Structures are given as structure tokens and as C-alpha cells.
Amino acid sequence: MNRLRALLIWAILATILVVPLLAAAASPLLQWRQPVYIAAGFAGITAMALLLLQPLLAGGYLPGAEGLQGRRLHRWTGSLLVLAIILHVGGLWITSPPDVIDALLFRSPTPFSVWGVLAMWAVFAAALLAAFRRSLALSPRLWRRLHTLLAMVIVAGSVVHALLIEGTMETYSKAALCALAVAATVKVIVDLKIWARRSRGES
């Protein structure tokens, strides 16, 4: 029964992650787009899917990915998130460098660009914080709070960025993915008692 339950949970999660990609692949907006632009767009969609997976792994909610195994997978998916964002921004740079420069300098006329850039820098900051955790010699509590604060910026910025864009992502699957990412992030913050005087898992 436990194995069947685990398979069902993973099947549901896989469906949730794949549906937005399949819906985007069927978008008529892909016609006449350059392959690089399409790849950049799907890298962005993949990044959004990873934002749902990350808190689920951090909280140990997925069967077979609890505890240490979950934290290891969390680090790996974090690396994949960084790669997806680099591919997303890099592809957009290739197709339209002026637009990317305007976005990075916060002078783009499109509001969604600001939120996307904020989320991007927060992802890079979170990745660097994780990579240099030992070198920084931060207390576990402070490190966890800083990492969580950056995660909140990442999720909030990415969700607003995605919702403001009228692009290849299908409206309802996009909204559902964004809502689930926010819900999962809030749940893990509450369950792990990140802002409590002593977080769960601290000695």
C-alpha cells in the first residue's frame, strides 16, 4: 500500500510538472519563432516547474526523498534551476540583446521583466550562498533564514513574472503551477518553523 501511494504521488507530481510543458508545446504562438527563442522559453517553463519541486524536496514531502536524500536532490534541482535560468536568459540574449540589456538594467518598458530579473539574481544569490555555506561560517539558523528569504523572493518574483507574460504558457496550467509553487513554499516555511527561535532540525 505504501509503495502504491508513493507511485501515485510521484505520478501526480510528474503530471503537474509535465502538463504546462505539453500545453506550451501546443501553443500557436510558437509558429515562426526561432528555435533558440523557443528553447529559451521552455527553459523558463522548466525553471517554473523546478520551483514547485524545490520546496517539496526541502520539506521531505516526497516519498523516497526524505531527510538527507531529499536535501541532496534539493541541491541538484537547485543546480538545474540555475542552469535553466542561464539557458532562458542566454537564449533571449541571442535573439534580442537590446531587450535583455534593458531588462538587466531595469529600464525595460515591460513590467514582467523587472520581476524576472529580481528572481534571477535571487536564484544566483541562493546558489552562491549554498555553494559557500561552509566558507561563510554562518550559523545554521542564520543561513537557513537567508536561504529562505531568497527563496521567497525567487518564488514571488517568478510567479509575478510568469503571470504577467502573455506567451506560450497556457493560462490555466500556468496559474495552477504558480499557485502550487507558492503553496508548497509557504507550507515548508511553516512546517520547518524557519522564523521560530529554534527551527526544526536545529540542535
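This section reports on the structure supplied with the text. (Residues numbered from 1 in each chain as written. Predicted model: local features only at pLDDT ≥ 70, side-chain atom pairs only at ≥ 80, totals over all residues. Heavy atoms only, no water.)

## Observations concerning helix 2 (residues 35-58)
Next, step 1: Between its terminal C-alpha atoms helix 2 stretches 34 Å, which fits the 34 Å expected from 24 residues at 1.5 Å a residue.
Next, step 2: Downstream of helix 2 by one or two residues, Gly 60 has phi in the positive range, about 70 degrees. (Helix = DSSP H or I, 4+ residues; strand = E, 2+ residues; numbered from the N terminus. Expected span 1.5 Å × (residues − 1).)

## Describing unusual backbone geometry
For residues that are not glycine, phi is negative in most cases, and the peptide bond is trans in most cases.
Next, step 1: One non-glycine residue, Phe 106, adopts positive backbone phi at about 60 degrees.
Next, step 2: The phi dihedral of Ala 137 falls on the positive side, at around 55 degrees, and the residue is not glycine.
Next, step 3: With respect to the secondary-structure elements, Ala 137 resides in the loop between helix 6 (133-136) and helix 7 (140-164).
Next, step 4: On the basis of relative accessible area, Ala 137 is assigned to the exposed category, the value being 64%. (Buried < 20%, exposed > 50% of the residue type's maximum accessible area, 1.4 Å probe, protein only.)

## Looking at the packing of helix 3 (residues 67-95) against helix 4 (residues 97-104)
Next, step 1: The interhelical angle for the contact between helix 3 and helix 4, taken along N-to-C directions, is 130 degrees, at an axis separation of 5 Å. Looking at the two axes, helix 3 sits oblique to helix 4. Residues Val 89, Leu 92, Trp 93, Ile 94 and Thr 95 of helix 3 touch helix 4, and the partners they reach there are Pro 97, Val 100 and Ile 101.
Next, step 2: Counted by class, the contact of helix 3 with helix 4 contains seven nonpolar, one polar and no charged residues. (Axes fitted to C-alpha atoms, helices over the stretch in contact; angles between N-to-C directions. Parallel < 35°, antiparallel > 145°, perpendicular 65-115°, else oblique. Contact = heavy atoms within 4.5 Å. Nonpolar A, V, L, I, M, F, W, Y, C, P; charged D, E, K, R; others polar.)

## Examining the pattern of salt bridges
Where charged atoms from two side chains of opposite charge approach closely, those side chains can pair.
Next, step 1: Taken as a whole and judged by the stated rule, the model has two salt bridges.
Next, step 2: Ionic pairing is found between Asp 102 and Arg 107, a salt bridge with its closest N-O pair at 2.7 Å.
Next, step 3: Residue classification places Asp 102 among the partly exposed positions, given a relative accessible area of 22%.
Next, step 4: Linking Asp 191 and Lys 187 is a salt bridge whose minimum nitrogen-to-oxygen distance equals 2.9 Å. You can see Asp 191 and its partner Lys 187 sitting in helix 8 (residues 171-191), four residues apart, about one turn around the helix. (Salt bridge = Lys/Arg side-chain N within 4 Å of Asp/Glu carboxyl O.)

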